[in-house]
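Read off the chains here:
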Amino acid sequence: YREIKLSVIGRKSGRTISIPVWFVLEGEKLYLLPVRGSDTQWYKNVLKNPSIRINARGVEAGFRADPVSDAKAVKSAVEKFREKYGAQDVKKYYSKFDVAVLVELG
């Protein structure tokens, strides 16, 4: 699958906001990459409230999002995205690579 639905709580509105996002799943770890890095709205919401919901193929569950800003860890996540989606598409859709988000599923 190429997309899952991510739901976050709006930091100003307090409302649930749902958006389709790309992801990489490795064992019990789910990697998310905000398309505009730390400028991405859903990422800013996660910083304020790390409780998220993920809907994959109609199955929904709640998790805690852990923002990642360590350059090495972010680079590793970006590489995983390039492997899954192709370097061209990652370059086409993503404009800033300063943060990632890790979700522990286990």
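Everything here concerns the structure above.
Every value quoted in this text rests on a predicted model; they were computed, and no experiment measured them.

Quick notes on the rules
- Each residue is numbered by its place in its chain's sequence as written, counting from 1.
- The predicted nature of this model means local features are confined to residues of pLDDT at least 70 and side-chain atom pairs, given and counted, to a pLDDT of 80 or more, with totals for whole chains, interfaces and linings taken over all residues.
- Neither water nor hydrogens contribute to the side-chain values; these are computed over all heavy atoms in the structure.
- Each helix is a run of DSSP H or I of at least 4 residues and each strand a run of E of at least 2, with the numbering of both proceeding from the N terminus.
- What the globule rule says is 2.2 Å times the number of residues to the power 0.38, and the radius of gyration is computed from C-alpha atoms.
- Accessibility here uses a 1.4 Å probe with only protein chains present; expressed as a share of the type maximum, an area under 20% marks a residue as buried, one over 50% as exposed, and anything in between as partly exposed.
- Contacts were defined at the residue level, with two residues in contact if any of their heavy atoms lie within 4.5 Å.
- Calculation of accessible area relied on Shrake-Rupley with a 1.4 Å probe; when residues are assessed, cover is drawn exclusively from the protein chains displayed.
- Working convention for charge: Lys and Arg count positive, Asp and Glu count negative, and His plus the chain ends are omitted.
- A charge is said to be at NZ when it belongs to Lys, at CZ for Arg, at CG for Asp and at CD for Glu.
- Pairing between strands is defined by DSSP: at least two bridges between them are needed.
- To obtain the arc, one takes the directions from the helix axis to the C-beta atoms.

Colleague: Is there a simple way to think about the overall build of the chain in this case?
Modeller: The number of helices and strands found in the chain is three helices and six strands. Walking the chain from its N terminus toward its C terminus, one meets helices and strands in the order β-β-β-α-β-β-α-α-β. At 13 Å, the chain has a C-alpha radius of gyration in line with the 13 Å of a compact globule built from 106 residues. Along the first, second and third principal axes, the C-alpha atoms of the chain reach 35 × 30 × 25 Å. Across the 106 residues of the chain, 37% fall into the buried class. Across the chain, contacts joining residues at least 24 apart in sequence account for 62% of those joining residues at least 6 apart. Accessible surface, the chain as shown: approximately 6300 Å² in total, 51% of it carbon and sulfur. The distance from the centre of the 20 positive side-chain charges to the centre of the 12 negative ones in the chain is 6 Å.

Colleague: Looking at this model, I keep getting lost on the side chain of Asn-45. Mind explaining?
Modeller: Mapped onto the fold, Asn-45 is located in helix H1 (residues 41-48). What makes Asn-45 buried here is its relative accessible area of 4%. Discounting residues that sit within four places of it in the chain, Asn-45 has contacts with Val-8, Ile-9, Gly-10, Arg-11 and Ile-17.

Colleague: Got a minute to help me understand the pairing of strand S1 (residues 3-9) in this structure?
Modeller: On a regular strand, one side chain projects to one face of the sheet and the next to the other, so that they alternate. The pairing of S1 with strand S2 (residues 16-26) spans seven bridges and is classified as antiparallel. Following the sheet pairing, Ile-9 is matched in S2 by Thr-16. Linking S1 back to S2 in an antiparallel pair, the connection comprises six residues, with Gly-14 at a positive phi of about 75 degrees. With three bridges joining them, S1 and strand S4 (residues 51-56) adopt antiparallel strand pairing. Residue pairing for S4: Lys-5 is matched across the bridge by Asn-55.

Colleague: Hey, could you run me through H1 in this one?
Modeller: An α-helical segment advances 3.6 residues per turn. Residues three or four places apart therefore align on the same side. The set of residues buried in H1 consists of Trp-42, Tyr-43, Asn-45 and Val-46. Along H1, the residues classed as buried sweep out an arc of 160 degrees about the axis, all on the same side. Structural note: H1 exposes Leu-47 and Lys-48 on the side pointing more than 90 degrees away from its buried face. Those residues of H1 hidden inside the fold are in contact with S1, S2, strand S3 (29-32), S4, strand S5 (59-68) and strand S6 (100-104).

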